[in-house]
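A look at the structure
In case you want the letters, here they are:
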Amino acid sequence: MSGDQYTRQRARMVESQIIARGVHDPRVLHALREIPRHRFVPAELQPHAYEDRPLNIGCGQTISQPYIVALMTQLLELRVTDRVLEVGTGSAYQAAVLAVLAAEVITIERQETLAERASERLVELGYANVTVVTGDGSLGYPSGAPFDAIIVTAAAPRVPPSLKAQLAPGGRLVCPTGARGFQSLTRLVRKGDDFEEHHDIRCVFVPLLGKEGWEE
Ligand code: SAM
């Protein structure tokens, strides 16, 4: 498939999957129209990269459905000066979306193979403001804290306390929480030492495995 064909598929994806479901932030829509999602999936799945579903990326993991990426990103309300932490690098597609919308992104992945591939891919595609770290992201990244926004792209039984502690005043955090089989998107906003909590749509994510996630 040619570059132009992928560009058209992306435009259709944004219209029919993202705008049609109510995501309206123009900066998020712009990022999704620009970022070559097909470059973040294995070669044999590239023709399916703009379909309305998650796809396998190897190591038993997935790249999330485009709509979920768009919705979670919109819920972060990113500003161009923000520093962002992502937990669950996977393919690095979400990290690339964050990189377009914020100043700096640190993304943590527990599987070394995925972290290495993600890092290479981000360099190749020119996303210079992202750092990939290997480790247990349920504990966050204390040496980089505080963060203006934190996004967890794996499901936790509850929002990990370490991540709440690493959120800057006024910071936003989005994390799928609930049972292992299905969750809802939890959004926290830090107000001093308190957190405003809202729940968005139901969703299904792979588990966050680690000290403040699910047991491995
Ligand atoms: N954001 C990714 C993307 O754009 O492709 C999709 C993430 S995938 C749904 C969830 C990822 O979280 C997997 O790659 C998994 O290995 C990772 N993960 C699970 N537990 C983790 C932990 N404690 N710390 C860091 N990463 C973790």
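Below you will find a few notes about this structure.

In this section: the site of the ligand. Inspection of the region around the ligand gives 27 residues, with Ser91, Glu109, Asp136, Gly137 and Leu209 positioned closest. One of the side-chain N or O atoms of Glu86 is found 2.9 Å from a nitrogen atom in the ligand. In the environment of the ligand, a nitrogen atom lies 2.8 Å from a nitrogen or oxygen atom belonging to the backbone of Gly137. For the ligand, whose accessible area on its own is 610 Å², the fraction buried by protein is 99%. Among the secondary structure elements, those contributing two or more residues to the shell around the ligand are β2 (61–63), α4 (93–101) and β4 (104–109). Tallying contributions element by element places β2 first for the shell around the ligand, with 3 residues.

Turning our attention to the side chain of Thr153. Checked against the element boundaries, Thr153 lands in the loop between β6 (147–152) and α6 (161–165). Within polar-contact distance, the side chain of Thr153 engages the backbone oxygen of Gly88 at 2.7 Å.

So, about the pairing of strand β9 (residues 194–203). Here strand β8 (residues 183–191) pairs with β9 via 8 bridges, running antiparallel. Each bridged residue has a counterpart across the sheet, and for Ser184 the counterpart in β9 is Arg202. Where β8 folds back on β9, the antiparallel hairpin that results is connected by 2 residues, among which Gly192 adopts a positive phi of roughly 65°.

The pairing of strands in a sheet happens through backbone hydrogen bonds and is either parallel or antiparallel. The 7 strands are arranged β5-β4-β3-β6-β7-β8-β9 in an open sheet whose pairing can be described as mixed. Only two strands of the sheet have a single neighbouring strand rather than two, namely β5 (130–134) and β9. Strand-to-strand twist in this sheet, taken as the mean axis angle between neighbours without regard to direction, amounts to 15°. Here strand β3 (residues 83–87) runs beside β6; their pairing, made up of 4 bridges, is parallel.

Basis of the calculations
Residues numbered from 1 in each chain as written. Predicted model: local features only at pLDDT ≥ 70, side-chain atom pairs only at ≥ 80, totals over all residues. Heavy atoms only, no water. Near = heavy atom within 4 Å. Polar contact = N/O pair within 3.5 Å; in protein donor to acceptor, adjacent residues only side chain to side chain. Areas by Shrake-Rupley, 256 points an atom, 1.4 Å probe, with all protein chains shown as cover. Helix = DSSP H or I, 4+ residues; strand = E, 2+ residues; numbered from the N terminus. Pairing = 2+ DSSP bridges. Axes fitted to C-alpha atoms, helices over the stretch in contact; angles between N-to-C directions.

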